[in-house]
Amino acid sequence: MARALVNLAVGTVVFFLLFLLSQSNPSTSPPRLLPPPHHGARPAMVLPLFPSSKNSSRTFLHSHRHLLRSDSHSSHPNARMRLYDDLLLNGYYTTRLWIGTPPQQFALIVDTGSTVTYVPCATCEQCGRHQDPKFQPDLSSTYQPVKCNLDCNCDSDRVQCIYERQYAEMSSSSGVLGEDIISFGNQSELVPQRAVFGCENEETGDLYSQHADGIMGLGRGDLSVVDQLVEKGVISDSFSLCYGGMDIGGGAMVLGGISAPSDMVFSYADPVRSPYYSIGLKEIHVAGKQLSLNPSVFDGKYGTVLDSGTTYAYLPEPAFLAFKEAILKELNGLKQIRGPDPNYNDICFSTASSDVSELSKTFPTVEMVFGHQQKLLLSPENYLFRHSKVHGAYCLGIFQNEKDPTTLLGGIIVRNTLVTYDREHSKIGFWKTNCSELWERLHITGAPSPTPSSSGKGNSTESPTTTASDGSPHYDFPGMFKPWFSEDLTWSFTGILSDDICFLTGKIQISKIILDMSLSANHSYLKPQINKLTEFIAKELDVNASQVHLLNFTSEGNSSLVRLAIVPSDSSTYIYKETARNIISRLAEHRVKLPDTFGNYQLVQWKVEPSTKQTWWGRNYMVVVMAFIIIVVIGLSVYGVWGMWRCKQQTVNSYKPVGAAAPEQELQPL
């Protein structure tokens, strides 16, 4: 009995010590993989941000996961979201996310290697100038700071939870954690949800200089957007990415499960091997011939990692040398040229054609083989990038990962490929497709288009405010609108700010663009500056100042509402559709940069007024009038000349010969 008590006491002491030890060492992710620097790799977006050893964020959500079905029978909705930018030009892809009430828009880099979503905060004095204004917590009625607790790292005052992330190339991001409503755009079936995100107070390196606002973390971790939505039970434990090809940028993303195509190729993704999305690559074939490599070469360190934030692909030294030799052997007849950057020994080739569709006639196919002989076919656009200085030349987009034994597959490998991260079943699927036509090929329908207002006059309507299942308000974003006939049978268009601008189709001449903008600057301060504001807007939109007219200027609390009209220039009778599309997209995507004195702005709504359809007489009455006047003038001139000639003739005939009989005339009385 005494021995049992001693054992119990010892066990209790050991357990207590282990508990204290676990609490004193915050969890950290393993160091990020760093491929060698390269001129086109955009190093800011290469494999995941990881917590630094100092003040690393701990997990704060529940660790238990209720895995949900992600097949076609799942009753959970998904969030369809568009991808923007170009992988090789920007080094990343972004999506649009709205945070707060009312929603504030942000362009975030989709990164499967990051586990936290963050945006610049209004209080950040060490943040760069990005695509959109900083997030202003004070303007969101639904924002709440995450208060200091046992499950997170706290600030020095132990008031609020903080996060800190660093890149291996010394870029960093740090700030506080907040909770607010996140909206996913007008193509999403998933209604806005409350989620935790980072509000940046400091950023350095490439994070400071990049155009995108921040990061959307899709990796494994309690702060990940995917994990939070799965924890709430609103989506299946799956998401998909589809990157555009060499000629077409952009793409698509789905948060939640989709029905996998029957010919999708799958690879096992070990969730325990590393915090990254690792796949089981076994072989590489070039032109149908297997490279003489031991399969273990793809299993070093973190194995084969698939990362959406990396631009190119990086192989361990033995695999790269074998791959390069096989490619050079197949392209022996092509002229090899220098790369675009003399600082790097790029392997580039000059071809006779710059047509992407013709590349497969010159360059060999490459296959990646996974377990059970599942093969992913790579077309030339999946391992080549265009030479930036020589027309019709291409370079290898697969490089040696220095001495690192990890295989790192970036976005170039999966261009025009739907990649499904089926986390529930620990597998990743690949399906070659045209990402610009993804929705049609998968038979996915978007949100319904809004109907005209009951008045039938085509007036703009505000984004409706509704209530989420947890009682918090959120904003629904309407689907892409379509033109409709109003009662007077004239075309009317109305746009609501969303992640898609789809308008101005058909043979329509635009007479006016009406813009409603909300500015955070105070009304009394802005009033004497309103003329300068219109001049700045005109300059940013590349139109003449005379084309921008102020229609209305009112106050709304601490902010101001401005209604502007953009009309055709003096030399034109209408605005071109492309010009109108460019004007609205610039404002909607916050590519119009105004001086800080005017504060931040939001495009609340816009309206395009096409020219009224005229009859033949209405279009040509001036020509007819001018022709009539000319005819009258010519007629009068001819009549005048003829009259003068007649008068002259009568004058000549009035002289009579001598002795001619003259008619008698009655004498008038004196």
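Reading the values: rules and limits
Residues numbered from 1 in each chain as written. Predicted model: local features only at pLDDT ≥ 70, side-chain atom pairs only at ≥ 80, totals over all residues. Heavy atoms only, no water. Helix = DSSP H or I, 4+ residues; strand = E, 2+ residues; numbered from the N terminus. Contact = heavy atoms within 4.5 Å. Areas by Shrake-Rupley, 256 points an atom, 1.4 Å probe, with all protein chains shown as cover. 1 Å grid on protein atoms, 1.4 Å probe; cavity = no way out; pocket = protein on both sides within 12 Å on 5 of 7 lines; lining within 4 Å. Points joined across faces, edges and corners; volume = space filled by probe spheres on them. Nonpolar A, V, L, I, M, F, W, Y, C, P; charged D, E, K, R; others polar. Expected span 1.5 Å × (residues − 1). Buried < 20%, exposed > 50% of the residue type's maximum accessible area, 1.4 Å probe, protein only. UniProt positions renumbered as here; feature names shortened; annotations may be inferred. Polar contact = N/O pair within 3.5 Å; in protein donor to acceptor, adjacent residues only side chain to side chain. Salt bridge = Lys/Arg side-chain N within 4 Å of Asp/Glu carboxyl O. pLDDT = per-residue confidence, 0-100. Phe/Tyr/Trp six-rings, centres within 6.5 Å; stacked < 30°, edge-to-face > 60°.

Enquirer: Would you mind showing me how to read the overall build of the protein chain here?
Expert: Counting its secondary structure elements, the protein chain contains 10 helices and 36 strands. Considering only residue pairs separated by 6 or more positions, the protein chain has 71% of its internal contacts joining residues 24 or more positions apart. Element-wise, carbon and sulfur atoms account for 55% of the exposed surface of the protein chain, whose accessible area totals about 33,400 Å².

Enquirer: Explain empty space enclosed by the protein to me, please; I cannot follow it from the model alone.
Expert: A water-sized probe, rolled over the atoms, reveals where empty space remains. Inspection of every chain in the model, using the stated rule, returns three cavities of 30 Å³ or more. Computed from the structure, the largest cavity encloses a volume of approximately 70 Å³. Around the largest cavity sit Leu241, Tyr243, Leu306, Asp307, Ser308, Gly410, Gly411, Val414, Val419 and Tyr421, which together line it. Of all the elements in the fold, those that place two or more residues in the lining of the largest cavity are strand E11 (238-243) and strand E27 (417-422). Across the lining of the largest cavity, the residue classes break down as six nonpolar, three polar and one charged.

Enquirer: Looking at this structure, how should I read helix H9 (residues 577-588)?
Expert: An α-helical turn contains 3.6 residues, so any two residues separated by three or four positions project in the same direction. Look at H9: 16 Å from first C-alpha to last across 12 residues, which is about the 16 Å you get at 1.5 Å a residue. Regarding H9, the residues found buried are Ala580, Ile583, Ile584, Ser585, Arg586, Leu587 and Ala588. Where the residues of H9 are buried, they touch strand E4 (104-111), strand E33 (510-519), helix H8 (530-540), strand E35 (559-566) and strand E36 (601-610). Directly after H9, the chain includes His590, whose backbone phi takes a positive value near 55 degrees.

Enquirer: What am I meant to see in the UniProt feature "transmembrane region" (unreviewed entry) in the protein chain here?
Expert: With numbering matched to this structure, UniProt assigns "transmembrane region" (unreviewed entry) to residues 621-642. Secondary structure across residues 621-642 divides into 100% helix and 0% strand, with the first and last C-alpha atoms of the span separated by 31 Å.

Enquirer: Teacher, can you tell me more about unusual backbone geometry here?
Expert: In terms of backbone geometry, most residues other than glycine have negative phi values and most peptide bonds are trans. Note the cis peptide between Thr101 and Pro102, where omega equals 0 degrees. Locating Pro102 in the fold gives a position in the loop between strand E3 (94-99) and E4. The backbone of Ala287 sits at a positive phi, close to 55 degrees, despite the residue not being glycine. Phi at Gln373 takes a positive value of approximately 60 degrees, unusual for a residue other than glycine. Mapped onto the fold, Gln373 is located in the loop between strand E21 (366-370) and strand E22 (375-378).

Enquirer: What is the right way to look at helix H4 (residues 225-232) in this model?
Expert: Burial runs high along H4: six of the eight residues are buried. The complete set of buried residues in H4 reads Val225, Val226, Asp227, Gln228, Leu229 and Val230. For H4, the N-terminal capping position is held by Ser224, with its side-chain oxygen 3.3 Å away from the main-chain nitrogen of Val226.

Enquirer: In this structure, what is going on with the pattern of salt bridges? I would like to understand it.
Expert: Pairing between side chains of opposite charge can happen when the charged atoms of each approach one another. As enumerated under the stated definition, the model contains nine salt bridges in all. A salt bridge links Asp227 to Arg423; the nearest nitrogen and oxygen atoms lie 2.9 Å apart. Of this pair, Asp227 sits in helix H4 while Arg423 sits in the loop between E27 and strand E28 (427-432), placing them 196 residues apart in sequence. Take Asp227: its relative accessible area is 7%, and that puts it in the buried class. Salt-bridge contacts for Lys403 lead to Glu317; the nearest nitrogen and oxygen are separated by 3.0 Å. Of the two residues, Lys403 is situated in the loop between strand E25 (398-400) and strand E26 (407-409) and Glu317 in helix H5 (residues 317-330); the sequence distance between them amounts to 86 residues.

Enquirer: Help me out: how do you make sense of the side chain of Thr351 in this one?
Expert: Here Thr351 is to be found in the loop between strand E20 (348-350) and E21. The residues touching Thr351, leaving out its near neighbours within four places in the chain, are Leu334, Thr362, Phe363, Gly392 and Tyr394.

Enquirer: Looking at this model, I keep getting lost on the confidence of the model for the protein chain. Mind explaining?
Expert: Predicted coordinates in areas of low pLDDT are best not read in detail. When pLDDT is averaged along the protein chain, the result is 76, and 73% of the positions lie at 70 or above. In the model, residues 1-6 has pLDDT below 50 throughout and makes zero contacts with residues more than four positions away in sequence or in other chains. Taken as a whole, residues 662-670 scores under 50 in pLDDT and shows zero contacts with residues more than four places along the chain or in a different chain.

Enquirer: Honestly, the packing of aromatic side chains in this entry has me stumped. Any pointers?
Expert: Centre distance and the angle of the planes are the two values used to describe a pair of aromatic rings. Overall, the coordinates contain 18 aromatic pairs when judged by the stated rule. Aromatic pair Tyr277 and Tyr421: ring centres 5.0 Å apart, planes at 65 degrees, arrangement edge-to-face. A residue pair is termed long-range when its members are at least 10 positions apart, and Tyr277 in the loop between strand E13 (265-268) and strand E14 (278-279) and Tyr421 in strand E27 qualify at 144 residues. Here Tyr277 falls in the buried class, since its relative accessible area comes to 2%. For Tyr421, a relative accessible area of 4% translates into the label buried. Between Tyr312 and Phe385, the aromatic rings sit 5.3 Å apart at their centres with planes inclined by 55 degrees, giving tilted as the arrangement. In this pair, Tyr312 sits in the loop between strand E17 (304-306) and strand E18 (313-315) while Phe385 sits in strand E23 (residues 384-386), placing the two residues 73 residues apart along the sequence. Phe385 shares its class with Tyr312; the two are buried.

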